[in-house]
Amino acid sequence: MGESKASSMFGAGSAVLRGVISAPLEAVRRRGSVASPDQPDSVNAIIEGEIIPRLLMAHASTDAQPRSKRSRTISADEASRFAVLPLRLEAASLLEEVDAFITKGASVETICLDLLAPAARRLGEMWEADECDFLDVTMGLWRLQEVMREVAARSPAVMGGVTLPYSALFSPMPGDNHNFGTLMIEEVFARGGWRSEALVKPERRELLDRLARQPFDLIGLTLARDCPSTALGNLIKAMRNVSANPHIIVLVGGRMINENPGVAIEVGADGTGADALAALELANSLIKTAATRHLNLL
């Protein structure tokens, strides 16, 4: 890829974008000491809670259509090799690496979930371990954002799967400050043809009020950390009770659920998916089953 093409592709707005990315990281650098990775002001927490969501939301597409089948997967070894490239390659060269995966059959969703987001996390881990500096991380994250926006802009999808404008609301468990999983799954559903929305750091009352005011077809709860199953079950019961849609579908996900998928049914949810793509497939199946049942009752 030539220099002129790279400049035209990635030049516009670059300084502004780097400023947006660097602002929260600069606050950590000025402190002179790094918090524990589990604390809300650590580098890792900032990348998970602020930087990665920006990567995902920056390229949200209104004309996205569903993808009913999984694409070529990206192995852990491939993701690990790619993770250090944002430190060494310019955005144009990084895009060529991503294009190689796309040529071999990887979808935009797979690129987001299994390649670009893990690379952003790895940059945070390297900074925590003093393996790279502030400028390295800032430039690496900027390059990842530029690549993600370019890939998404070039990848209109085709209609298929869900044919109605079904709606979904996604939220972290109230009290959980990790929004990455919520915004990731909302992005995948949006590209899958759903009218999807995401709440960021909601209070329990805010979540219930949102469900009471709008008849969403589906609510998805993400749990970034363990919580008592009774608390989760009580929240799901409350959501069903207040929902403007009495037949709302409830999905749950996160490490706690992945380690014991049976918990999803025990707490009153309709199911879970091991990742965002699996959740989308399950949601499409459940919504079609519900629609068929409704037609049979007419």
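Residues numbered from 1 in each chain as written. Predicted model: local features only at pLDDT ≥ 70, side-chain atom pairs only at ≥ 80, totals over all residues. Heavy atoms only, no water.

1. Thoughts on the nonpolar core
Phase 1 of the analysis: Among the nonpolar cores identified, the biggest contains 29 residues, and Phe82, Val98, Ile111, Leu116 and Leu144 are the most heavily contacted of them.
Phase 2 of the analysis: Residue assignment for this core shows that the elements contributing at least two residues are helix 4 (76–83), helix 5 (91–103), helix 6 (108–128) and helix 7 (134–153).
Phase 3 of the analysis: Filtering out sequence-adjacent residues up to four positions away, Phe82 remains in contact with Leu94, Glu97, Val98, Leu115, Leu116, Ala119 and Leu144.
Phase 4 of the analysis: By size, the runner-up hydrophobic cluster in this structure holds 25 residues, among which are Met239, Met256, Ile257 and Ala269. (Core = buried A, V, L, I, M, F, W, Y, C linked by side-chain atoms within 4.5 Å. Buried < 20%, exposed > 50% of the residue type's maximum accessible area, 1.4 Å probe, protein only. Helix = DSSP H or I, 4+ residues; strand = E, 2+ residues; numbered from the N terminus. Contact = heavy atoms within 4.5 Å.)

2. Details of the packing of aromatic side chains
Phase 1 of the analysis: Overall, the coordinates contain 4 aromatic pairs when judged by the stated rule.
Phase 2 of the analysis: With 5.8 Å between their ring centres and 45° between their planes, Tyr166 and Trp194 make a pair best called tilted. Highlighted residues: Tyr166 in the loop between helix 7 and strand 1 (167–172) and Trp194 in the loop between helix 8 (180–191) and strand 2 (195–198), separated in sequence by 28 residues. Across this residue pair, the class does not change: Tyr166 and Trp194 are buried.
Phase 3 of the analysis: Between Phe170 and Phe189, the aromatic rings sit 4.8 Å apart at their centres with planes inclined by 65°, giving edge-to-face as the arrangement. Placement of Phe170 in strand 1 and of Phe189 in helix 8 is noted, with a sequence separation of 19 residues between them.
Phase 4 of the analysis: The exposure class assigned to Phe170 is buried, which follows from its relative accessible area of 1%.
Phase 5 of the analysis: Taking the relative accessible area as the measure of exposure, Phe189 reaches 0% and is therefore buried. (Phe/Tyr/Trp six-rings, centres within 6.5 Å; stacked < 30°, edge-to-face > 60°.)

3. A look at helix 8
Phase 1 of the analysis: With 12 residues, helix 8 should cover 16 Å at 1.5 Å per step; its first-to-last C-alpha distance of 17 Å lies within 8% of that length.
Phase 2 of the analysis: In terms of burial, helix 8 is largely enclosed, as 11 of its 12 residues are buried.
Phase 3 of the analysis: The set of residues buried in helix 8 consists of Phe180, Thr182, Leu183, Met184, Ile185, Glu186, Glu187, Val188, Phe189, Ala190 and Arg191. (Expected span 1.5 Å × (residues − 1).)

4. Here's the deal with the confidence of the model for the protein chain
Phase 1 of the analysis: On average, residues of the protein chain score 77 in pLDDT, and 69% of them are at 70 or above.
Phase 2 of the analysis: Within the protein chain, helix 1 (residues 3–10) has the poorest average pLDDT of any element, 46, and helix 10 (residues 229–242) the best, 96. (pLDDT = per-residue confidence, 0-100.)

5. Let's talk about the sheet that holds strand 4 (residues 249–254)
Phase 1 of the analysis: Pairing within the open sheet is parallel, and its 4 strands lie in the order 2-1-3-4. Every interior strand has two partners, whereas the edge strands, strand 2 and strand 4, have only one. Recorded for the sheet is a direction-independent mean angle of 20° between the axes of neighbouring strands.
Phase 2 of the analysis: Relative to strand 3 (residues 218–223), helix 10 is tilted by about 160°, and along the sheet it contacts strand 3 and strand 4. (Pairing = 2+ DSSP bridges. Axes fitted to C-alpha atoms, helices over the stretch in contact; angles between N-to-C directions.)

6. Considering the pattern of salt bridges
Phase 1 of the analysis: If you walk through the whole model with that rule in mind, you get 8 salt bridges.
Phase 2 of the analysis: Of the charged contacts, one joins Arg122 and Glu125 as a salt bridge, the two residues approaching to 3.4 Å between their closest N and O atoms. With Arg122 and Glu125 both in helix 6 and 3 residues apart, the pair spans about one turn of that helix.
Phase 3 of the analysis: Of the residues examined, Arg122 reaches a relative accessible area of 28% and is grouped as partly exposed.
Phase 4 of the analysis: A relative accessible area of 40% means that Glu125 is categorised as partly exposed.
Phase 5 of the analysis: Salt-bridge contacts for Glu131 lead to Arg122; the nearest nitrogen and oxygen are separated by 3.5 Å.
Phase 6 of the analysis: Judged by relative accessible area, which is 47%, Glu131 ranks as partly exposed.
Phase 7 of the analysis: The network of salt bridges with common partners includes Arg122, Glu125 and Glu131. (Salt bridge = Lys/Arg side-chain N within 4 Å of Asp/Glu carboxyl O.)

7. Section: the environment of Leu183
Phase 1 of the analysis: By the secondary structure assignment, Leu183 is in helix 8.
Phase 2 of the analysis: The buried category is assigned to Leu183, whose relative accessible area is 6%.
Phase 3 of the analysis: Sequence separation of Leu183 and Glu197 is 14 residues, and the distance between their C-alpha atoms is 8.8 Å.

8. A look at helix 4
Phase 1 of the analysis: All buried positions along helix 4 are accounted for by Ala79, Phe82 and Ala83. The buried residues of helix 4 occupy an angular sector of 105° when the element is viewed end-on, so they sit on one face. (Arc of directions from axis to C-beta.)

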